[in-house]
Amino acid sequence: MDELLYLGVFLLYTIVILILGKHGFDKTDELKGYFLAGRNLSLFPSIASFCATWFSAASLLGLPGLIYEGGVSVLWTTAIAWLLGIVGLFFLSSKLYTYNVVTVPEFFLIRYQSKLLQVWIGIVLSISYLLYVVIQIRGFGIVVSEMLEVPYMVSVFLIYIFVLYTTFGGLHSVARTDIFHFCLIVFGTILGAILVVNEIGGVSRVVTGFASFGDRGADAYLALFPEGGLPFWTLLSAFFSLGLGVAANPQYAVRILSSRSKHVALKMIFLSTFFLVLIYFSIFVIGIGSRILDPDLQFTNTDEIYPYIITYLLQTPWKGILLISVVAAAISTANSQLLIMASSFVYDITLPIRKQKSHDSKIISWTRWVIFVFATLALLIAFTPPKGIVQFSGHVWGIIAVSLFFPLYGGLYTKASRKNALLSTFGGCLAYVLAFLLIPKEIQPAYHPVLPSIVVAGFLFFLKGGRFNASFYRT
Amino acid sequence: MRHSIERKILVPFLIIVLLPSFIIGAVSMWSSYQSDKQFKQATASEHLKSLDRYAENLANRVQNGTMSEGDAKALIKMMIYETNGLYVEDEKGELTSDGEVTNSAELDWYNGEAESSWFVERKVLIEQLEDWNWTLYSPIEFSFYSGSLPDIQKYTLLISIFTGIIAVQFTIILSYNLSKPIKNLADFCKQIALGGQVKDLDIKETRKDEIGVLSTSLKEMVQTLDERNIQIDKIKQLNETILNSVHVGMVLITKGSESVYNKAAHKMMNNDAILERRVKQFTIHETSKREEEIWDHKVNEEKVYYAVNYMVIGGSGKRSIMTFEDITHRRKLELRVERMSRLASLGEMASGIAHEIRNPLAGIKATTELLIRRLELSDDQLTLTENMLLDIDRLNKIITNTLQFSSPMNAAPTVVRVDDVVRSLFVVMERIANEKNVRLHQVESNAELMVDRDHLRQILLNLMINGMSAMPEGGDLTIDCHGSENDRTITITDTGIGMSDDVIEKIFDPFYTTRAEGTGLGLSIVHQLVVQNNGEIDVRSTPGKGTTFYLTFPSREEEI
């Protein structure tokens, strides 16, 4: 019966996405229309797109599982680290919006007059996001194949065709479908929390249910700080890799640029914070509640805990919404990343190298082909992912942080030269690779390669120009 | 979007691609359902038949005496009860299932009340165990969403959805790509229709299909249209330049719409409100022949003349063209020539008459004087003859003036300061002015003229006398001088009785006078002197308010 329910909800979701995604096709005659929705998104679509992009399938599936396993203190190295990145976005929005750019790497061309930097950042983003899209497709494929009891290849192909379709219409399509995805994510997580609490027997039962936490006591599980405190380096690693990764993530920079005005961009970040906290709280309730429902679940991967709870512990037809909210999170993140990946490849790598001016419609048509190629490549990789790709995905945000953070924020707030920006991004990446190779794998969660490399990137950025010469912009 | 070509392509295509997918899915579901139903039915039926055979065997054994009837019945019932949902009605009419007696009144299917619905199909299989007089009932339910069908058909559904999604996405992308060039063409045509700047048509030039042909043709058409528009613009600009450069006012009058005026027409109408009113109120009679009229009226006390032409154009009578030209200057010149010609004729005639009269008059005078000397006349007679002599002298004076008027007066222009001349004349005329209660005003101007000094004195003197005569009750007489770079205009203004237009037309004619004591030659002489000094004379007068004479002379020698 559950499969039929899931199929039915999935069919409804499909129809809505097909209708919403279609509208983007009509508004994509110009590059700014295709990549940035004409820089004309009003407040609600901006918030919806921002939040829908923020939550990936990994967040919605992984975080409840991590909380189930690790307790409340997990929040430090996950939700809080991510949310810290949003502070950076406040600083980013007011300055970045004034630049008349189509893509984030183009900012580096205009700010530093460096085509090399534009191409390099384009390459970093193309590769990083390709890997991340593979992870998205793979994660989603595993969950859906388990829930619908269909082969993994079928389920990854499903996400592939959805992501492809919603990305073909450019940011207009992405933003429009993101409104729907955002509603599903908000509704799905809140509903999930309510259903879990309901299944336990109400809020009072939740409080009394803490006593049943297996071998770990309620105090230790609910403590904000684990016994003995959180290791300093673990916290710092999480902040540098996740927080700075978020702050420098072009997905959010694109949302800032696509807003109707600077004022809308600022409001978007401010109001989105409220929704993000609300969703994180719901996920937190789901994680804790799942533990009360069944404290003795044993899985090799924490991602499987939430699907298990949905499938076996919740007895309600509403659980179809919970599944589809995970689908929404996966597709909204993947299509956004695919669009940035393709735009970086076409606009920031091939066009500067070709040095030939092309008509907007030709570039858009070319971008669609690149989207198709990249999505297909991600799909093929996701069919048989090479060993280590999942582990490597943990480094995507770290690489983005060391490559982009200083040139992006420093470019906006200091008078740093092109030379410093190039030194910072190349030096940071090189330091990251070295740290990755030299730091033993077992201690990398605590001593993440981002720690030394971000210091190197910052040092190189301020080496001769910028702060050392007291040349910060007066704001 | 509602009426877009994309939707017209999309909707039928969607139906075409979704319908087979839906039909295949539905047929597959239906056939699976049917085979599942048949399989269940056959299994149940076979089971009932096997029970029947088993009961028949046991009945044989009871008949052979190898088994008691009670044991046989117990065995059969045990077999029946093993099958879940199977009912048996024994020879007593007792209905049992799973070893328990069931109230047959509570069973819908037994009472024939159970009916199949859209989603659930119900059937009861019946088998008679004739040897025992028992009846077996096996009620069966079949539905699409229960049992093993969803598991069996999950992949069919999934593949249907899957292929449906792909088909829909392909259809959407295909219809978008098919309709895009048509939309581009429509946008292109809209831009042409709006007449603004036309953006490049975003269709590949290498395209060879109908869209390509249409796009190439449209581009060529727009190019030709642009070239023609440029030519038309040029011609239009040229026509406008010509129309706006001419000094003739032109009006295109179209029935039922605003008239169109050229620049000259606007300018003339702005300066002359009466002309504007007359032009706007003018109704053209339907004639294809050109009609001509002279319009005259006063603007700021000055009479102006317009030559007006009009005719209907195009033959439909809806449009007419009207032109008007300011001919005031020309008309004044004509009047001046006419007046001068008239004065010349009159002068010749007067000169002839004067000559003819002068000689006999001299004889009459000599004879009269001789008679006075020779005849002894009484005082009365002497007074009469002396009066005769006085009249003869008066007549002689008239003849002298007439001869002076008719004989050419050579002018010797020199630079004359107007203020000096006027001042000396005011000294001369002061006494007479006081007698007539006329106040003389001179507006100093330091102006200099190229004119014969004596002629100017005579001109001004005549006009002053004329002015003072026009003010029997006294008044003000003002002489002023102003001018442009080349000309100076002296104005002599009185606040007298003024003149009507009819009088003004004749005042320069010899012997025309409104006063009994006048000779009618003063202004004629003034006119002649002005003309001989290369000047112009004009007069504006309002009855009851006064008169102003305008004397315009060149200010420099070379202008003469």
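Computed from a predicted model, the values in this text were never measured in an experiment.

(A) Layout of the interface of chain A and chain B. Contact residues are listed per partner, giving 15 residues for chain A and 14 residues for chain B. Mapped by element, the contributors of at least two residues to the side of chain A that touches chain B are α1 (2-23) and α9 (152-168) of chain A. Looking at which element gives the most residues to the side of chain A that touches chain B, the answer is α1 of chain A, with seven residues. Looking at side-chain class alone, the side of chain A that touches chain B contains ten nonpolar, three polar and two charged residues.

(B) A look at the sheet that holds strand β2 (residues 95-97) of chain B. Residue and element names in this part refer to chain B. Spatial strand order, β3-β2-β1-β5-β4: five strands in an open sheet with antiparallel pairing. Here the strands that pair on one side only, and so sit at the sheet edges, are β3 (100-101) and β4 (120-129). Note that β4 and strand β5 (residues 134-143) share ten bridges and pair antiparallel. Pairing of Q128 across the sheet is with T135, part of β5.

(C) Local environment of the packing of helix α3 (residues 43-54) of chain A against helix α10 (residues 170-200) of chain A. All names here are of chain A. As a packed pair, α3 and α10 sit with axes 8 Å apart at the nearest point and diverge in direction by 70°. Put simply, α3 runs roughly perpendicular to α10. α3 and α10 meet at a crossing whose hand is left-handed. Where α3 abuts α10, its residues P45, A48, S49, C51, A52 and T53 lie against V174, A175, D178, I179, H181, F182 and I185. Grouping the constituent residues of the contact of α3 with α10 by class yields nine nonpolar, three polar and one charged.

(D) Expanded view of the pairing of strand β17 (residues 546-554) of chain B. All names here are of chain B. With eight bridges joining them, strand β15 (residues 487-494) and β17 adopt antiparallel strand pairing. Its bridge partner lying in β17, T493 is registered against T548. The pairing of strand β16 (residues 536-542) with β17 spans seven bridges and is classified as antiparallel. Of the residues in β17, the one forming a bridge with E536 is T552. Two successive antiparallel strands, β16 and β17, enclose a turn made up of three residues, where G544 displays a positive phi of approximately 90°.

(E) Region of the structure containing the UniProt feature "transmembrane region" (unreviewed entry) in chain B. Per the UniProt annotation, the sites labelled "transmembrane region" (unreviewed entry) are residues 9-30 of chain B. Helix makes up 100% of residues 9-30 of chain B and strand 0%, with an end-to-end C-alpha separation of 31 Å.

(F) Inspection of the environment of T216 of chain B at higher detail. Relative to the assigned elements, T216 of chain B resides in helix α4 (residues 210-245). When the C-alpha positions of T216 of chain B and K204 of chain B are compared, they lie 9.5 Å apart, and in sequence the two are twelve residues distant.

(G) Just the sheet that holds β16 of chain B, in detail. Residue and element names in this part refer to chain B. Pairing is mixed in the open sheet, where five strands are placed in the order β12-β14-β15-β17-β16. In this open sheet, the two strands that pair with only one neighbour each are β12 (438-442) and β16. The average angle at which neighbouring strand axes cross in this sheet is 15°, direction not considered. Across the sheet, helix α9 (residues 418-435) touches β12, β14 (475-483) and β15, and the angle it forms with β12 is around 170°. Helix-sheet contacts for helix α10 (residues 453-469) involve β12, β14, β15 and β17, and the interaxial angle to β15 is about 25°.

(H) Representation of the nonpolar core within the structure. In this structure, I137, I159, L338 and A401 of chain A are the most contacted members of the largest nonpolar core, which totals 163 residues. With 19 residues, the single largest contributor to this core is helix α17 (residues 319-354) of chain A.

Thresholds, definitions, all that
Residues numbered from 1 in each chain as written. Chains lettered and ligands numbered in written order. Predicted model: local features only at pLDDT ≥ 70, side-chain atom pairs only at ≥ 80, totals over all residues. Contact = placed C-beta atoms within 7 Å. Helix = DSSP H or I, 4+ residues; strand = E, 2+ residues; numbered from the N terminus. Nonpolar A, V, L, I, M, F, W, Y, C, P; charged D, E, K, R; others polar. Pairing = 2+ DSSP bridges. Axes fitted to C-alpha atoms, helices over the stretch in contact; angles between N-to-C directions. Parallel < 35°, antiparallel > 145°, perpendicular 65-115°, else oblique. Left-handed = near helix turned anticlockwise from the far one by under 90°. UniProt positions renumbered as here; feature names shortened; annotations may be inferred. Core = buried A, V, L, I, M, F, W, Y, C linked by C-beta atoms within 7 Å. Buried ≥ 20, exposed ≤ 12 C-beta atoms within 10 Å, placed from the backbone.

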